[in-house]
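Single-letter residue listing:
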Amino acid sequence: MKRTLTVCPYCGTGCMFYLVSDGGKLVGVEPSVTHPVSRGGLCVKGWNAFAFVHHPERLTTPLVRRDGVLQPASWDEALDLVVTGLQAVQEKHGSDAVMFASSAKATNEENYLLMKLARAVFGTNNIDHCARLCHSSTVTGLAETFGSGAMTNSISCIDETDVILVIGSNTTEQHPLIGSRILNAVQNGTGLIVADNRRIRLARHAALHLRHKNGSDVALLNGIMHVIIAEGLVDEEFVATRTENYAAQAAAVAEWTPEKAAAATGLEAGEIVAAARLFAGAKRAMILYSMGITQHSHGVDNVRCVAALAMLTGNVGRPGTGVNPLRGQNNVQGGCDMGALPDLYSGYQKVADPLVRDRFARAWGVPSLPAAPGLPLTRAMNAASEGRLQALFVMGENPMLSDPDQGHARKVLEGLELLVVQDIFLTETAALADIVLPAACYAEKEGTFTNTERRVQRARKAVESPGTARADWEIICDIALRAGYRGMCYHDPREVMDEIASLTPLYGGIAYDRLDPHGLQWPCPDRNHPGTPLLHLEHFTRGLGHFSPARYRLPAELPDDRYPFVLTTGRTYFHWHTGSMTRRSHLLDREEPRSFIEIHPDDAARLGVRDHDRLQVASRRGEVQTEARVTTMVVPGVLFMPFHFAEGAANALTNNALDPESSIPEFKVCAVRVERVP
Ligand SMILES: Nc1nc2c(c(=O)[nH]1)N[C@H]1C(S)=C(S)[C@@H](COP(=O)(O)OP(=O)(O)OC[C@H]3O[C@@H](n4cnc5c(=O)[nH]c(N)nc54)[C@H](O)[C@@H]3O)O[C@H]1N2
Ligand SMILES: Nc1nc2c(c(=O)[nH]1)N[C@H]1C(S)=C(S)[C@@H](COP(=O)(O)OP(=O)(O)OC[C@H]3O[C@@H](n4cnc5c(=O)[nH]c(N)nc54)[C@H](O)[C@@H]3O)O[C@H]1N2
Ligand code: SF4
Ligand SMILES: [Mo]
């Protein structure tokens, strides 16, 4: 038996475990007892993280579409077709007719290389990844208020805080090892406020559970801030010495009396007052949030309010405090850090800055780099339907199931001149591709992942990849070489990280020989730096913290007579996103085998619906059939559906209304109608 220490491939919590293998095959997982996050524990997905690796449906050879059918091909043939196809589109329509979708499932090194390929070899800033669908509101909102879009504190701060506000995060299901840490803290006396209208597990342990209307967080937070100011609970010294623009914030929330906020949110005024007193009365209070805050057409405004609440009460820059966006995918923090974003290079260095461009151009040995920011992923679909985008290279994403408004997404993907998909399975998106490239998965390659608390950790190869599947970084470098670029020849990912460190101040001191056993937290500017568990200690990354008041706006689509329900979408404990991995993990799939929708007993009674009935759900964009789950998890008038299932796909229904600033889709609110299938 061989044990290989590596990082869990699922969520951004970043637990580490040993993959146990026997004769080249994985047989199980053993948690790492000394790891600061997992501390000997794992959730059910971690325990089962070996299960999909040897699944018989793994892609083992490149596939090329001939006569309308995907057929096995050699690497030479497939990669030459990729390069000539991309070049042909470029010649015909220009460099910006090509787009690259990077992957929060791939390593830092691979994300860096794909963005280098897009910019240095294909001359376009059209590179983005699923962070667009996830925490783009955070990146925009916290950059403006704090100067950095990452978690300000560390996961361990949960043990040293007095009050935790969890807003729009189902932590025990989606970041389970962080969720159990919160439950432990509550058992030891920490106060918990949950603001989420589903009765999630944390809500049952909360001192206060605020079941406000979906999409009303700006009203709720403005109301809470109103009370804090009116009752003299502001941390005057912090506001005076560490922040700017307080007067505008105070003016903006002046009208948000608890009564007005109650009317907008559907809460009682007393609940808003109680939340304000509990939060502001604590010596150390910590905010954790996730998709309930970000995935709205006003997601950036939500983030601004969260940041303002923390600054108003002096809860930044100390242990046990902070604004903590829980990052979703195992390497979505890293994908952003590496510049798989249309306007930023690695380390959040701006594409628009000529000095930055010049530095990268010299390091990469190219005469110049493109200056105009590229397309966000969520705007790519429209660009393609307007003919501005003709080729899409997708590494490790499954937009057919994860993008909003599936009908539109399908039409666009089918209409592209060239679609290349590099994945470990033949996903719903890969099935539409012209060329499919088989990738090695996390257990079959070396590299680093960066977790939600900015901890850069090493993933290690435990077994060989199936058939001729190759690591993403090797495939990308091969494409660069075939396109005639000689600046991407590396022996191993370690050399790539050295290049990243040389060009990225935040990662300046990150090197493989320093990452054992449990990684380093960025910023880590040089080789002697110990890493940074807490951000914004003496001053904010941007200098002073900036109050950016937000005006309350309603969601883009609200219920009416024809579509009387609010549909909100999200996840379950056992499955991962589009199910490519968890639905191929026997134990996980057995626990949650079918698409379902949660409906309140009152609504169910009115519609004559019983538990497990088949339901037809329709929105202005599409319809699906799914199974009723009658439960008080949801409030009357609201339905909840996970987006894991290809049959009964929630994204056939969702709205692609975007936040104007972050381009995130409004996954958390759309209007639907529902009826029993006779
Ligand atoms: N098991 C599992 N874990 C995962 C994932 C997975 O697919 N499966 N995905 C990972 C990824 S990439 C991400 S981004 C995270 C997401 O993690 P979470 O954000 O925790 O998960 P979601 O289910 O999307 O939504 C969280 C909560 O937001 C609430 N909500 C909906 N609308 C609103 C609103 O208007 N206001 C407020 N305050 N709350 C609202 C919902 O009721 C829901 O309980 O999970 C990560 N972890
Ligand atoms: N309705 C609704 N839709 C949503 C959301 C929601 O809350 N509601 N949430 C959004 C959010 S937050 C997110 S993050 C997105 C996620 O959207 P996606 O990123 O599209 O979803 P995943 O299923 O995680 O896709 C990852 C893909 O990578 C593949 N893969 C795994 N490992 C590797 C590897 O090493 N190399 C390669 N090349 N491929 C690999 C997997 O097989 C899978 O196909 O979904 C978004 N969509
Ligand atoms: S909490 Fe997240 S990182 Fe930890 S084992 Fe579960 S899925 Fe993996
Ligand atoms: Mo996400």
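The model shown is predicted, which means the values in this text are computed figures rather than measured ones.

A. Seen up close, the pattern of salt bridges. Summed over the entire model, instances satisfying the criterion amount to 41 salt bridges. The partner of Asp 162 in a salt bridge is Arg 284, with the nearest N and O atoms 3.2 Å apart. On the criterion of sequence distance, the pair formed by Asp 162 in the loop between helix 4 (136–145) and strand 8 (163–167) and Arg 284 in the loop between helix 11 (269–281) and strand 12 (285–289) is long-range, its members being 122 residues apart. Exposure remark for Arg 284: the relative accessible area of 30% places this residue in the partly exposed category. Here Asp 301 and Arg 553 are joined by a salt bridge, their closest N and O atoms 3.0 Å apart. With a gap of 252 residues between them, Asp 301 in helix 13 (residues 299–312) and Arg 553 in the loop between strand 20 (545–546) and strand 21 (565–570) connect regions that are remote in the sequence. Judged by its relative accessible area of 7%, Asp 301 falls in the buried class.

B. Representation of the state of the cysteines. Going through the model one piece at a time under the given rule, you end up with zero disulfides. Unpaired in this structure, Cys 477 has its nearest cysteine sulfur neighbour in Cys 489, at a distance of 7.3 Å.

C. Main features of the sheet that holds strand 18 (residues 455–459). In space, the three strands of this open sheet follow the order 17-18-19, with antiparallel pairing throughout. In this open sheet, the two edge strands, each paired with only one partner strand, are strand 17 (447–450) and strand 19 (520–521). In the sheet, strand 17 pairs with strand 18 via four bridges, with the strands oriented antiparallel. By the bridge assignment, Thr 450 is partnered in strand 18 with Val 456. Packed onto the sheet, helix 3 (residues 108–121) meets strand 17 and strand 18 and runs at close to 95° relative to strand 17.

D. Focus on the site of ligand 3. In the region of ligand 3, the neighbouring residues are Cys 8, Tyr 10, Cys 11, Thr 13, Gly 14, Cys 15, Leu 42, Cys 43, Lys 45, Gly 46, Pro 176 and Leu 177. Looking at the shell around ligand 3, the elements with two or more residues in it are helix 1 (44–47) and helix 6 (176–187). Split by residue class, the shell around ligand 3 holds eight nonpolar, three polar and one charged.

E. The arrangement of the environment of Val 33 in detail. Mapped onto the elements of the fold, Val 33 is located in the loop between strand 3 (25–31) and helix 1. Between the alpha carbons of Val 33 and Ala 443 there is a distance of 20 Å; along the sequence they are 410 residues apart. In this structure, Val 33 is in contact with Arg 39 and Gly 40, ignoring residues within four places of it in sequence.

F. Region of interest: the site of ligand 1. Lining the immediate surroundings of ligand 1 are 34 residues, of which Gln 174, Asp 196, Gly 215, Arg 571 and His 575 lie closest. Between ligand 1 and the protein, one listed contact pairs a nitrogen atom with a backbone N or O atom of Thr 572 at 2.8 Å. Lys 668 is positioned such that a nitrogen or oxygen atom in its side chain is 2.9 Å from an oxygen atom of ligand 1. Burial of ligand 1 by the surrounding chains reaches 99%, relative to a free accessible area of 920 Å². Only helix 5 (171–174), helix 12 (291–294) and strand 21 provide two or more residues apiece to the shell around ligand 1. Domain assignment of the residues forming the shell around ligand 1 places at least three in each of domain 3 (152–326) and domain 4 (565–676).

G. Fine view of the packing of aromatic side chains. Tallying each qualifying case throughout the model produces 16 aromatic pairs. Ring geometry for Phe 52 and Phe 425: centres 6.5 Å apart, planes at 65°, overall edge-to-face. Here Phe 425 lies in the loop between strand 15 (418–423) and strand 16 (435–438) and Phe 52 lies in the loop between helix 1 and strand 4 (63–66), a separation of 373 residues in the sequence. According to the relative accessible area criterion, Phe 425 is buried, its value standing at 0%. Between Tyr 345 and Phe 360, the aromatic rings sit 4.3 Å apart at their centres with planes inclined by 10°, giving stacked as the arrangement. Note that Tyr 345 is positioned in the loop between helix 14 (332–337) and helix 15 (354–364) and Phe 360 in helix 15, a separation of 15 residues in sequence. Of the two residues examined, Tyr 345 and Phe 360, each falls in the buried class. Ring-pair connections join several aromatic residues into one group, and the members of that group are Tyr 10, Phe 52, Phe 425, Tyr 442 and Trp 576.

Each value, and the rule that gives it
Residues numbered from 1 in each chain as written. Chains lettered and ligands numbered in written order. Predicted model: local features only at pLDDT ≥ 70, side-chain atom pairs only at ≥ 80, totals over all residues. Heavy atoms only, no water. Salt bridge = Lys/Arg side-chain N within 4 Å of Asp/Glu carboxyl O. Helix = DSSP H or I, 4+ residues; strand = E, 2+ residues; numbered from the N terminus. Buried < 20%, exposed > 50% of the residue type's maximum accessible area, 1.4 Å probe, protein only. Disulfide = S-S within 2.5 Å. Pairing = 2+ DSSP bridges. Contact = heavy atoms within 4.5 Å. Axes fitted to C-alpha atoms, helices over the stretch in contact; angles between N-to-C directions. Near = heavy atom within 4 Å. Nonpolar A, V, L, I, M, F, W, Y, C, P; charged D, E, K, R; others polar. Polar contact = N/O pair within 3.5 Å; in protein donor to acceptor, adjacent residues only side chain to side chain. Areas by Shrake-Rupley, 256 points an atom, 1.4 Å probe, with all protein chains shown as cover. Domains from an automatic or database assignment. Phe/Tyr/Trp six-rings, centres within 6.5 Å; stacked < 30°, edge-to-face > 60°.

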